[in-house]
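# A closer look at the structure
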Amino acid sequence: LQATVKQPVLKGFGYSVQKSRIDAAKGALEISRLKAGQRAMDIINDTVKAYWDLYFARENHKVAGLSAALAESLLKEVEARIKTGELAPVELFKAEAELALREEKLLGAKKAVYDSEDALRALMNLDNWQDSIVPLDYPSGPSGTAAFPELSDVLDAALQNRPEYLMAVEDLKTKKIMSSYYRSQRLPDLSLNAGAGLTGLNDGYGGALESTVSADFYSWQAGITLSVPLGGRTEKGNYLRAKREEEIAGIRIKTIRQQITAEVREAFRALTLAGETIKATGATRAASQKRLEAEESRFKLGMATTNDVLQFQQEYTDALASGKKALTDFEKAFTALKRVSGQLFEKTIVGMIP
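Residues numbered from 1 in each chain as written. Predicted model: local features only at pLDDT ≥ 70, side-chain atom pairs only at ≥ 80, totals over all residues. Heavy atoms only, no water.

### So, the overall build of the protein chain
What counts here: Secondary structure elements are defined from DSSP: runs of H or I of at least 4 residues count as helices, runs of E of at least 2 residues count as strands, and each element is numbered from the N terminus. Only C-alpha atoms enter the radius of gyration; for comparison, a globular chain is expected to reach 2.2 Å times N to the power 0.38, where N is the number of residues.
Scanning the protein chain from N- to C-terminus turns up 9 helices and 3 strands. Counting helices and strands in the order they occur from the N terminus, the protein chain gives β-α-α-α-α-α-β-α-β-α-α-α. Its C-alpha radius of gyration of 38 Å places the protein chain more than 25% over the 20 Å reference for a compact globule of 354 residues. Counting only C-alpha atoms, the protein chain reaches 140 × 45 × 40 Å along its principal axes.

Okay, structure coming up:
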């Protein structure tokens, strides 16, 4: 009965070296979980954008309907004034042509609604292809934002939450672990050995077993084992490869940090511009509405032509559509900023991924 103990002194010495591969496997698992979180965040981002695209498509369809209704109303007024002799019959052709053009645009806007619904259904994996999707949340604009973020805060959040940055950090940790492991493998294998045993001596099996249990005959040993591989090229090559991978991982972190900083700054500028665009389109809409009302009054007095009224109608409805688009662009820009800052998908949810 023999028991032996071997304790490495150089190669493979230390608890951290012995569990290097376990720690590396844990790092690989964490990277896989972060990849799943990154994918989920991309899906959420695409779904939110598709929702606002659908909202705008429906609002744009309403504006196109209003534009066609204004043209139809003007056409009826032109027909009435032609009958009374206030307008020349030629004015009728322009009104009819413009109404036909706007009705065509209305059909295009309706198709855009159907296309947006299908895009959202595909992202949400919905099977009810025949039912309409009616948005219930409306864009709130800058006034609905609890607090407009500071650029420095968004940058800090991005470096704390972005999955690709966290994956790079985790990968660097893993590379350092393996680099340390392979550095240890380059050392000579020097081990302390100790052993003790019980021996049974007898002519028969039963007697030998009884003699062993009695512990009358025992042995012990202690010594040092040294193993030095000739050349050590394999161990040296493994270490150099691991060290280079560690250096590459460190460079990758710096590259990703630069990329994240650029993305955050771009998204922040887009959000700021979207907020300013909302104000500009609001002023344009109010001004175009007043100009349309004034032109309609001039038309009734015979001081403006049908073409003039149709032009101001188009400018007014274009301003309405631009205002709706500015609101949805702001919501999408705000979502994009949350995406690049890593706040679109909370860490608590990432932790739920098995």
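### Here we look at the sheet that holds strand E1 (residues 2–8)
Note the following rule: Pairs of strands are assigned from DSSP output, requiring at least two bridges between the strands. Orientation is described by axes fitted as lines to C-alpha atoms, over the contacting stretch for helices, and by angles from 0 to 180 degrees between their N-to-C directions.
The strand order E1-E2-E3 describes an open sheet built from 3 strands, whose pairing is antiparallel. Looking at which strands have only one partner, the edges of the open sheet turn out to be E1 and strand E3 (218–227). For this sheet, the mean angle separating the axes of adjacent strands, direction not counted, is 15°. Direction of pairing for strand E2 (residues 189–198) relative to E3: antiparallel, over a ladder of 10 bridges. Pairing of Ser191 across the sheet is with Thr225, part of E3.

### Notes on the pattern of salt bridges
Just so we agree on the cut-off: Any carboxyl oxygen of Asp or Glu that lies within 4 Å of a side-chain nitrogen of Lys or Arg is treated as forming a salt bridge with it. Relative accessibility decides the category of a residue: with a 1.4 Å probe and only protein chains considered, values under 20% of the type maximum give buried, values over 50% give exposed, and everything between is partly exposed.
Evaluation of the coordinates by the stated rule reveals 21 salt bridges. Arg102 is the partner of Glu98 in a salt bridge, and the nearest nitrogen-oxygen pair spans 3.0 Å. Taken together, the positions of Glu98 and Arg102, both in helix H3 (residues 90–124) and 4 residues apart, correspond to about one turn of that helix. Here the two residues Glu98 and Arg102 agree in accessibility, since each one is buried. Glu117 serves as the salt-bridge partner of Arg121, at 3.8 Å between the closest nitrogen and oxygen.

### Quick notes on the environment of Leu240
One can find Leu240 in helix H7 (residues 233–300). For the pair formed by Leu240 and Ser179, sequence separation is 61 residues and the distance between their alpha carbons is 8.3 Å.

### Notes on the nonpolar core
This is how it is decided: Note on terminology: a nonpolar core comprises buried Ala, Val, Leu, Ile, Met, Phe, Trp, Tyr and Cys residues joined through side-chain atoms within 4.5 Å. Here, two residues are considered to be in contact whenever any of their heavy atoms come within 4.5 Å of each other.
One finds Ile260, Val264 and Leu337 to be the most contacted residues of the largest nonpolar core, which totals 21 residues. With residues near it in sequence (within four places) discarded, Ile260 still touches Ala158, Leu159, Arg162, Tyr165 and Val340.

### A closer look at the packing of aromatic side chains
For any pair of aromatic rings, geometry is given as the distance between the ring centres together with the angle between the planes. To be explicit about the condition: Any pair of Phe, Tyr and Trp rings, taking the six-membered ring for Trp, is counted once the centres come within 6.5 Å. Such a pair is stacked with planes under 30 degrees apart, edge-to-face with planes over 60 apart, and tilted for the rest. Each ring is checked for a lysine NZ or an arginine CZ that lies within 6 Å of its centre and within 35 degrees of its normal; such an atom marks a charge sitting over the ring.
Within this structure, the stated rule accounts for 5 aromatic pairs. Ring centres of Trp52 and Tyr55 lie 5.9 Å apart, and the angle between their planes is 80°; this geometry places the pair in the edge-to-face category. Taken together, the positions of Trp52 and Tyr55, both in helix H2 (residues 20–83) and 3 residues apart, correspond to about one turn of that helix. Residue Tyr55 is classed as buried on the basis of its relative accessible area of 6%. When the ring of Phe330 is compared with that of Phe334, the centres are 6.5 Å apart and the planes differ by 15°; the resulting orientation is stacked. Linking Phe330 with Phe334, this pair stays in helix H8 (residues 306–340), spanning 4 residues, or about one helical turn. Given the relative accessible area of 1%, Phe330 is considered buried. Feature note: the residues Tyr51, Trp52, Tyr55 and Tyr138 constitute an aromatic cluster, connected by ring pairs. The lysine or arginine in question, Arg81, covers the ring of Phe299, its NZ or CZ lying 4.7 Å from the ring centre.

### Focus on helix H6 (residues 205–214)
Here is the rule: By arc we mean the arc of the directions from the helix axis to the C-beta atoms, nothing more.
Inspection of H6 places Ala208, Ser211 and Thr212 among the buried residues, and these make up the whole buried set. The buried residues of H6 occupy an angular sector of 100° when projected down its axis, which confines them to one face. For H6, exposure combined with an orientation more than 90 degrees from the buried face picks out Glu210 and Val213. If you follow the buried residues of H6, they end up packed against E2. Note on H6: the residue one or two positions beyond its end, Ala215, has a positive phi of about 65°.

### So, the confidence of the model for the protein chain
Keep this limit in mind: pLDDT expresses how confident the predictor is about each individual residue, on a scale running from 0 to 100.
Of the residues in the protein chain, 96% have a pLDDT of 70 or more, and the chain-wide mean is 88. Confidence scores differ between elements of the protein chain, with helix H9 (residues 347–350) showing the lowest mean pLDDT of 42 and H3 the highest of 94. A low-confidence stretch, residues 347–354 stays under pLDDT 50, and its non-local contacts, those more than four residues away or across chains, total 13 contacts.

### Remarks on the side chain of Ser184
Within the fold, Ser184 resides in helix H5 (residues 163–185). Here Ser184 falls in the buried class, since its relative accessible area comes to 8%. In this view, Ser184 contacts Leu10, Lys11, Gly12, Phe13 and Val17; residues no more than four positions away in its chain are not counted.

### A word on H7
Put simply, the rule reads: What a helix should span is 1.5 Å times the count of its residues minus one.
Taking 1.5 Å of rise per residue, 68 residues should cover 100 Å, and H7 covers 97 Å from first to last C-alpha, within 8% of that figure. Trailing H7 by a residue or two, Gly302 shows a phi angle of about 80°, which is positive.

### As for unusual backbone geometry
At Asn125, a position not held by glycine, the phi torsion is positive, near 60°. Among the secondary structure elements, Asn125 is positioned in the loop between H3 and helix H4 (151–161).

### Describing the environment of Leu66
Take Leu66: it is sitting in helix H2. If sequence neighbours within four positions are ignored, Leu66 has contacts with Tyr316 and Leu320.

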